[in-house]
Amino acid sequence: MKYDLVVVGGGIAGSSLARQLAKSGARVLVIERETEFRDRIRGEAMQPWGVAEAQRLGIPEILGPHAHQLRYFFQILNGQLTMRRDMPATTATGTPMMAFYHPAAQELLLAAAANAGADVRRGAVAHSIVPGPVPRVTIDAGSSSETVDGRLVAVCAGRNPGLRNEIGFDVKRGTIPLLLSGVWITNLSRDVERDVAYVANDLAHGSVAGLFPQSGDHARAYFGYHPHHCARLRKTDDFQRLRDEFNRASGEVIPFGDAKPQGPLASFECVDVWVDHPYREGIALVGDAASSNDPSWGQGLSLALRDARLLSEELLANDDWSVAGHRYADRHDQHYTAVRTVSGWFYDIFQRLGPAAEARRARALPLIAEDSTRVPDILFSGPDVPLPTNAKMRFFGEDTLAAQAS
């Protein structure tokens, strides 16, 4: 069978891309392994620039009451509340953060893609993908197998799809040694401000605690840590230990209260994994398949939606989809490089350990407290915000060293 677009993976990025093409009249196939989306430890807090991307794709209307706005961002350093930021008033996009339950969002967006005309196959697996002028996908569904052709295949199958290596993409990995744990919780404390995204850093241990309220009485709690400071949190029985570590990292400023787990608890490795120029021979990588940025500062969903928007725009604007794929890959590299660069600087300031890191913080943080414009705003306002050549120097307070030397 011949399709215009074959989408491997019907999650947030894949469904959003499929819907954009299907509603424009393209023949779209979505291949989704899961027959029912389940709770896993994934990003559920979308930064303001990602909300702007979501708005351009019509996603808030699809999510409806599941989309919970977080107007304010509170940052806590060593148990002290150091920032109360009004996101719509201070970001370049003029938007809040957004939180939602990932499985519910996946179901709604995949249904929206089907309603727009996409052919959705669940319980099916892309067994192999053959690049070329007419890329070919072999699909396994139970005891049956089928081969389909497309003008373009978009791989949206998460952060470590084995298909990526088989297709021939050169996958690169960073070396940041962190783990991030998470759990979906209920029974929130009455002291939790429902329109606030809470993030706390324990600078001495390089750990981070985050609480992101959702609709109803739910929130997603995260705890990121260096593995030599905390044994791996890997199952629901570790919830009390996560609570203790969370409270320690936040100085108990974030009101965890008597929250209870309502989903699995697990940890995953925080490391940048990416592909330079994620397009070749009719195959485009989208979302986490193209680049996963960790420690992310909540960039994953925003990056995924931007990829979906950029690729859909290029495909709809170009009759030659090979040209469109290369243009998408060039634009992806530009925005991902900016995000990865700045998130690396944030790691250096807030999570890196050792004497050099302590000296950097001692120099930079007092200057940032006096002038918040020293902090690059790309992770909140998006990669279209210009990054001056002296941005790192100002963020790290190195401009004062240069001034003193002169």
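Residues numbered from 1 in each chain as written. Predicted model: local features only at pLDDT ≥ 70, side-chain atom pairs only at ≥ 80, totals over all residues. Heavy atoms only, no water.

A. Spotlight on helix α5 (residues 102-115). Taking 1.5 Å of rise per residue, the 14 residues of α5 would be expected to cover 20 Å, and the 20 Å separating its terminal C-alpha atoms lies within 8% of that figure. When we look at burial in α5, the residues that qualify are H102, P103, A104, A105, Q106, L109, L110, A112 and A113. Considering only its buried residues, α5 is in contact with α1 (12-22), β2 (28-32), α3 (59-63), β8 (119-122) and α8 (300-317). Phi turns positive one or two residues past the end of α5, at G117, with a value near 120°. (Helix = DSSP H or I, 4+ residues; strand = E, 2+ residues; numbered from the N terminus. Expected span 1.5 Å × (residues − 1). Buried < 20%, exposed > 50% of the residue type's maximum accessible area, 1.4 Å probe, protein only. Contact = heavy atoms within 4.5 Å.)

B. Examining the packing of aromatic side chains more closely. As enumerated under the stated definition, the model contains 13 aromatic pairs in all. Ring geometry for F346 and F395: centres 5.3 Å apart, planes at 45°, overall tilted. Highlighted residues: F346 in helix α9 (residues 321-350) and F395 in helix α12 (residues 391-395), separated in sequence by 49 residues. Each member of the pair, F346 as well as F395, carries the same accessibility label: buried. (Phe/Tyr/Trp six-rings, centres within 6.5 Å; stacked < 30°, edge-to-face > 60°.)

C. Broad picture of the sheet that holds strand β7 (residues 97-99). A sheet is described by the order of its strands in space; here three strands give the open sequence β3-β7-β4, paired in antiparallel fashion. For this open sheet the edge positions go to β3 (45-46) and β4 (68-70), each flanked by a neighbour on one side alone. As defined by bridge partners, β3 adjoins β7 across two bridges and the pair is classed as antiparallel. In the sheet register, M46 faces β7, and the bridge partner there is M98. (Pairing = 2+ DSSP bridges.)

D. Region of the structure containing the layout of surface pockets. Taken as a whole, the second largest pocket spans an internal volume of roughly 640 Å³. Put simply, the parts of the chain that give the lining of the second largest pocket at least two residues each are β5 (72-77), β6 (80-86), α9, α10 (355-370), α11 (378-381) and α12. Among the elements that take part in the lining of the second largest pocket, β6 stands out by supplying four residues, more than any other. Looking at the lining of the second largest pocket residue by residue, the classes come out as 18 nonpolar, six polar and five charged. (1 Å grid on protein atoms, 1.4 Å probe; cavity = no way out; pocket = protein on both sides within 12 Å on 5 of 7 lines; lining within 4 Å. Points joined across faces, edges and corners; volume = space filled by probe spheres on them. Nonpolar A, V, L, I, M, F, W, Y, C, P; charged D, E, K, R; others polar.)

E. Summary view of the state of the cysteines. Taken as a whole, this structure holds zero disulfides when the rule is applied. Looking at C270, it has no disulfide partner, and the nearest cysteine sulfur is the one in C230, 13 Å off. What makes C270 buried here is its relative accessible area of 4%. (Disulfide = S-S within 2.5 Å.)

F. The arrangement of the environment of R331 in detail. By secondary structure assignment, the location of R331 is in helix α9. A sequence separation of 25 residues divides R331 from R306, and the C-alpha atoms of the two residues are 10.0 Å apart. In contact with R331, other than residues within four places in its own chain, are R309, L310, E313 and E314.

G. Local environment of unusual backbone geometry. The phi torsion at N187 lies on the positive side, around 60°, for a residue other than glycine. Within the secondary structure, N187 is located in the loop between β13 (178-186) and β14 (196-202). Look at N187 and you get partly exposed, because its relative accessible area is 33%. The backbone of E252 shows a phi angle near 60°, a positive value even though the residue is not glycine. Looking at the element boundaries, E252 is found in the loop between α7 (239-250) and β17 (260-261). With a relative accessible area of 62%, E252 lands in the exposed category.

H. Molecular detail of helix α2 (residues 48-56). Summarising burial for α2: seven of the nine residues are buried, a large majority. Buried within α2 are the following residues: P48, W49, G50, V51, A52, E53 and A54. Immediately beyond the C-terminal end of α2, within one or two residues, lies G58, with a positive phi of roughly 75°.

I. Quick look at the nonpolar core. Core analysis: the largest hydrophobic core is formed by 50 residues, its most contacted members being L5, L17, V28, I129 and V137. Not counting chain neighbours up to four residues away, the residues in contact with V28 comprise Y3, L5, V7, A18, L21, A22, A118 and D119. If you look at the next biggest cluster of nonpolar residues, it comprises 41 residues, including A197, Y222, C270 and W274. (Core = buried A, V, L, I, M, F, W, Y, C linked by side-chain atoms within 4.5 Å.)

J. Broad picture of the side chain of D149. Mapped onto the elements of the fold, D149 is located in strand β11 (residues 144-155). Classification of D149 by relative accessible area gives buried; the value is 17%. Within polar-contact distance, the side chain of D149 engages the side chain of R136 at 2.6 Å. (Polar contact = N/O pair within 3.5 Å; in protein donor to acceptor, adjacent residues only side chain to side chain.)

K. Main features of the sheet that holds strand β22 (residues 291-292). The strand order β12-β19-β22 describes an open sheet built from three strands, whose pairing is antiparallel. Of all strands in the sheet, those bounded by a partner on one side alone are β12 (171-173) and β22. As defined by bridge partners, β12 adjoins strand β19 (residues 273-275) across three bridges and the pair is classed as antiparallel. Its bridge partner lying in β19, R173 is registered against V273. Running over the sheet, α9 touches β19 and β22 and is turned about 155° from β19. (Axes fitted to C-alpha atoms, helices over the stretch in contact; angles between N-to-C directions.)

L. Inspection of the packing of α9 against α10 at higher detail. With their axes 8 Å apart at the nearest point, α9 and α10 run at an angle of 100° to one another. Comparing the axis directions of α9 and α10 gives the class roughly perpendicular. Taken together, the residues of α10 that come into contact with α9 (itself represented by D348, I349 and F350) are A357, R360, R361, A364 and L365. In terms of residue class, the contact of α9 with α10 is made up of five nonpolar, no polar and three charged. (Parallel < 35°, antiparallel > 145°, perpendicular 65-115°, else oblique.)

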